[in-house]
Amino acid sequence: MKYISIAEVLTLNQKIKEAELPYQIHLRDACGKQSLWIECLNEDKNDQNRQMLDDLLKEYFHSLHFTLEFSEDRMNFWIAAK
C-alpha cells in the first residue's frame, strides 16, 4: 500500500495557496489507513473554485502515481486500493 507523506501534504497545500483557492487539505492516519479531508476556508461555495481544486488534486496525486477515491460529499478522500 502507498502512503502520503506529511511533506507531500504540505507541498499540496502550498500549491493550493499559490492557486489562490480557499481550501486546505488535512491528513488523518489511523490504524494504518490514511484519509484526507478538505477544509473550505471561507463560506463562498464557488463551484468554479471547487472544480479548480479537484483538477489540482487529480494532477498532483497523478504526478505521485496515486489514484484517489472520494466520499460521496467529495470532502474526504483516500488512496484507491490496487
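Structure: above.
Below is a summary of the structure that appears in this document.

Cut-offs and rules
- Residues numbered from 1 in each chain as written.
- Predicted model: local features only at pLDDT ≥ 70, side-chain atom pairs only at ≥ 80, totals over all residues.
- Heavy atoms only, no water.
- Phe/Tyr/Trp six-rings, centres within 6.5 Å; stacked < 30°, edge-to-face > 60°.
- Buried < 20%, exposed > 50% of the residue type's maximum accessible area, 1.4 Å probe, protein only.
- Core = buried A, V, L, I, M, F, W, Y, C linked by side-chain atoms within 4.5 Å.
- Helix = DSSP H or I, 4+ residues; strand = E, 2+ residues; numbered from the N terminus.
- Contact = heavy atoms within 4.5 Å.
- Salt bridge = Lys/Arg side-chain N within 4 Å of Asp/Glu carboxyl O.

Focus: the packing of aromatic side chains
With the rule as written, the count across this model stands at 4 aromatic pairs. Between the aromatic rings of Tyr60 and Phe61, the centroid separation amounts to 5.4 Å while the plane-to-plane angle is 80°, which identifies the pairing as edge-to-face. Judged by relative accessible area, which is 8%, Tyr60 ranks as buried. Taken together, the aromatic side chains of Tyr60, Phe61, Phe66, Phe70 and Phe77 make up a single cluster linked through ring pairs.

Some remarks on the nonpolar core
Ranked by size, the top nonpolar core spans 18 residues in total, and within it Leu12, Ile16, Ile25, Leu57, Phe61 and Phe77 carry the most contacts. Of all the elements in the fold, those that place two or more residues in this core are helix 1 (6-18), strand 1 (23-30), strand 2 (33-40), helix 2 (47-63) and strand 4 (76-79). By residue number, the principal contributor to this core is helix 2, which donates 5 residues. Those residues in contact with Ile25, other than ones at most four positions away along the chain, are Val9, Leu12, Asn13, Ile16, Leu36, Trp37, Ile38, Leu57 and Phe77.

Some points on the pattern of salt bridges
Counting across every chain of the model gives 2 salt bridges. Residues Asp54 and Arg50 are paired through a salt bridge, measuring 2.9 Å at the closest nitrogen-oxygen approach. Of this pair, Asp54 and Arg50 both sit in helix 2, 4 residues apart, which is roughly one turn of that helix. Note on Asp54: relative accessible area 14%, which makes it buried. A residue is classified by how much of its surface remains accessible, and Arg50, at 15% relative accessible area, is buried. Residue Arg74 is joined to Asp54 by a salt bridge in which the shortest nitrogen-to-oxygen separation is 3.7 Å. Taken together, the residues span a long stretch of sequence, with Arg74 in the loop between strand 3 (68-70) and strand 4 and Asp54 in helix 2 at a distance of 20 residues. One salt-bridge network, held together by shared partners, links Arg50, Asp54 and Arg74.

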